[in-house]
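# Report on the structure
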Amino acid sequence: DLHGVLVRQTDTYGNTWDYDWDEVSAAGVTRTRVRKITFTDAISKDSGNNPLELGRVEFDWLGDSGAYTTSDSNLVGRLARARVFRDAAPADPTQIVEYGYYEQLVDGTAPADTGVRFEDVYEAGDGDLVEVVVSTKTDTQVASSPRYHEKVWQYRYFHSGIGGDS
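Here is a short report on the structure shown in this document. (Residues numbered from 1 in each chain as written. Predicted model: local features only at pLDDT ≥ 70, side-chain atom pairs only at ≥ 80, totals over all residues. Heavy atoms only, no water.)

## Observations regarding the overall build of the protein
The cut-off we apply is this: Each helix corresponds to a stretch of at least 4 residues labelled H or I by DSSP, and each strand to a stretch of at least 2 residues labelled E; elements are numbered beginning at the N terminus. Buried, partly exposed and exposed residues are distinguished by accessible area as a fraction of the type maximum, computed with a 1.4 Å probe on protein chains only: under 20%, between the cut-offs, and over 50%, respectively. Should any heavy atoms of two residues lie within 4.5 Å, those residues are considered in contact. All accessible-area figures derive from a Shrake-Rupley calculation using a 1.4 Å probe, and residue coverage is judged against the displayed protein chains alone.
The secondary structure content of the protein amounts to 2 helices and 8 strands. The helix and strand sequence of the protein, counted from the amino end, reads β-β-β-β-β-β-α-α-β-β. The buried share among the 166 residues of the protein stands at 30%. Within the protein, contacts between residues separated by at least 24 positions form 39% of all contacts whose residues are at least 6 apart in sequence. Summed over all atoms, the accessible surface of the protein reaches about 10,400 Å², with 47% contributed by carbon and sulfur.

Rendered as structure tokens:
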């Protein structure tokens, strides 16, 4: 049972954010995670006077089926991707944020292919977030597919006793 999670948030203007949650169990641990946040405002209504969805954020988690299947217990339940949609049913997200963890980068399954041997440059360990790729949709299209501008952030970790000073 999902007790104590935020289900709906409403501001003083009547704008609402609805939260859709689920749970995942792996390696004896159960985690609660948000699947989707939907935004409606107090003004936009459909013909039945129901609020129109103006946008949403959808979350994908490691351990989900499909592209995010993993048997690595350090990764199960970690955020893999967030997608931002501006309209109720757009074909493509406005923005995509993908998260890469140390094990993925060492194994060569990182969100961005930088060609760097990550085990040579990272002082990170299993489960550490080491890369975030933000793809923002542009106004141009190539062969009826959207084009995205990507920014990549890579994170380094310092561990005392490694690389000189102890």
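## With respect to the pairing of strand S5 (residues 79-85)
Test applied: A pair of strands is treated as paired once DSSP finds two or more bridges between them.
Most of S5 sits out of view: 6 of its 7 residues are buried. Pairing of strand S4 (residues 51-61) with S5, which is carried by 6 bridges, proceeds in the antiparallel orientation. If you follow Glu58 over to S5, its bridge partner there is Arg83. When S5 meets strand S6 (residues 95-101), the two strands line up antiparallel, connected through 4 bridges. Of the residues in S6, the one forming a bridge with Val84 is Gln95.

## Some words on unusual backbone geometry
Look at Asn49: it is not a glycine, yet its phi comes out positive at around 65°. Tracing the backbone through its elements, the reader meets Asn49 in the loop between strand S3 (29-45) and S4.

Just distances and angles here, no functional claims.
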